[in-house]
Amino acid sequence: MPVVAAQALTLRFGLGSEVGLQEVGSQEAASLLVEDVDGYPLVYLTVLGPEAAGGFWEAARRAAAAGEGHYLVATGASTLYSPTLFADTGTDTLEHLLSVVDAMGGPEAVARVVGFNEPGRFFLVDREGRYWDAYTGEVLDGETLARLTDDFHDTVERLAEEDDYRAEMAHVWACLLGEASEEECQAEDASAAAQEARQTEAELLGKLGYDPVSVQQVEAQPQAEGMDLAAMTGPDGELDFVRAQGVIADSQLRIFSSDGTMKPQYKAEHCVNWLCFGKYWIVEAQHRRTGKPEYDFIGQNWQYRWEYDFKPRESDADLDNFTLYALHGHGKVGDRPIGCAPAAFIRLATWFQFERHGYTGSSNIDWYGDHLSVGYGSGGYKGAGAKMYERNKALGHRMLALKRYVDGSGSSSVVYYRPQLAEYMRTRAFAGSGLTLVGDFVRGANRWLSERVSAMRIRGGGYIFLVNLVPYIGWAAWNGEVWKMYSTALNAMGSRNEPAIAIYATGGGSYHYSPVLEARLYNWRVKADVLVRVPANEKFDEIGGKFINISAFKLTAGGLYGLW
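It should be emphasised that the depicted structure is a prediction, and the values quoted were computed from it without experimental measurement.

(A) A look at the sheet that holds strand S19 (residues 500-507). Spatially, the 4 strands line up as an open sheet ordered S18-S24-S19-S20, and their pairing is antiparallel. Pairing within the sheet leaves two strands with one partner each, and these edge strands are strand S18 (458-464) and strand S20 (510-516). Along the sheet, successive strands turn relative to each other by an average axial angle of 15°, direction set aside. Pairing between S19 and strand S24 (residues 557-563): 4 bridges, direction antiparallel. Bridge pairing in S24 links tyrosine 504 to glycine 558. Taken strand by strand, helix H9 (residues 340-354) contacts S18, S19, S20 and S24, and its axis lies near 5° from that of S20. Across the sheet, helix H13 (residues 475-495) touches S18, S19, S20 and S24, and the angle it forms with S18 is around 140°.

Structure (structure tokens):
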């Protein structure tokens, strides 16, 4: 893949958000090829900003020193991979990368940069063949390296078996590189999920004041003469930002610009033919008071919100952190976390109870309304003509109902409390944390909603692949789930200005559920890409605060679910 494509995709990612339309000509960029473990091209890392001049390491150091206005994007370097896979809109990734390079002895000590399955996680290989984690600086042991290598090889084998996937990815790249005709680039996925996504787009375009038909006509001409990728390529084969500025200035496509007061900001206003292939959306749930996403309002990965007093009183059971404690007398004898899936749903329900009005103007939802008739009884949960919160009144009227169990009898008995939602979602212990499958997550959340006589439901798409637990699915089924994710982002964060729950891989075959407030969406006609910003407080430092692609086919987990 030519480096100019990586730099143009990096510009496209930030155009109108990280880079102003009139600032393009003053930008610089430098790219670094990241290989897979076998030495084949995997992704390009591109740093972009006004100070990002020189070779990659020099540009990275300049960008990290300058800070604001610089960002990093990982784009596919092969037709096997999606065009955009990871983005850090700040310099955190660069700063850690440079710190590890310095610890190794400088750029000359780096033999190559390698990636495996997880977007945003890279390794620096020294002259002795050791793999340094590019974020933490830790050197991989042989067992971990072997596992990462085996997992990657499994992924490549799966991709090699999917002829339709490889054909559609090659088609997307051919259109981006100007190697396909205009007619070929108008081909679209005809599946029901893709058609629903296009209908969702049309509705949102209309809501934002655009003419969907005119926008579609503009997007059907990705390779018009003088407006293609070649017109923005410099003599050195890299992106010429002055030329790119000229192409943008000469374009007449800005007639589709919104008035600047509406969100999300559809990128037709920055659509200059090559940048027009496929739709690109920036969607984010914004608080009306601040005009930006407020991450404190969706809680933290530690699965509680102190200010909403979800922690049961110490006098009740010494429970905190949405954690299940087994008790003997007054002493703890064991504990397990509830799991990220039930916690993510409660965090989203919390947002609807306490924050929705601040974002949308609609009323907050009282999940404990007086009309409800479900109460707490010694034998479990039963109708008692009481308020919903009375089912766990003894534990402080908390949203997360806890069910009391007694194991054994007499002085040897153990009393413990199990979160009801964890039972509904069939969350189980796995590798030291909670494991919740996608179908169980949806069914458990919707049961919780039904008990509260709510017409709202969890909706979206997603998939988790776990050896011996969940079978691998093919490209057609996965692509259908991706279109559902795409529609969910447009609906939740776009139309409704509300958070959604994302599922994403966190490395080592693990995955995580958490609410998200921002997404970047690509509609490549035959497929889609969905990137979400992982909240910075989710404890996954490499990807915290960054955008990751949750729809790439090679991932072990990905999903997006909204509540409406």
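Next comes the rest of the account.
(B) Layout of the pairing of S24. Among the 7 residues that make up S24, 7 are buried, leaving the element largely enclosed by the rest of the structure. Side-chain alternation along S24 places Ala557, Gly559, Tyr561 and Leu563 on one buried face and Gly558, Leu560 and Gly562 on a second face that is also buried.

(C) Main features of helix H12 (residues 438-451). If you check H12, its first and last C-alpha atoms are 20 Å apart, about what 14 residues at 1.5 Å a residue would give, namely 20 Å. Within H12, 10 of the 14 residues are buried, leaving the element largely enclosed by the surrounding structure. Of all the positions in H12, only Val438, Asp440, Phe441, Val442, Gly444, Ala445, Asn446, Trp448, Leu449 and Glu451 are classed as buried. Following H12 by one or two positions, valine 453 adopts a phi angle in the positive range, close to 55°.

(D) Seen up close, the side chain of aspartate 440. The topology assignment puts aspartate 440 in helix H12. Judged by its relative accessible area of 4%, aspartate 440 falls in the buried class. Residues contacting aspartate 440, with those up to four places away along its chain left out, are Tyr424, Met425, Arg426 and Arg428.

What counts as what
Residues numbered from 1 in each chain as written. Predicted model: local features only at pLDDT ≥ 70, side-chain atom pairs only at ≥ 80, totals over all residues. Heavy atoms only, no water. Pairing = 2+ DSSP bridges. Helix = DSSP H or I, 4+ residues; strand = E, 2+ residues; numbered from the N terminus. Axes fitted to C-alpha atoms, helices over the stretch in contact; angles between N-to-C directions. Contact = heavy atoms within 4.5 Å. Buried < 20%, exposed > 50% of the residue type's maximum accessible area, 1.4 Å probe, protein only. Expected span 1.5 Å × (residues − 1).

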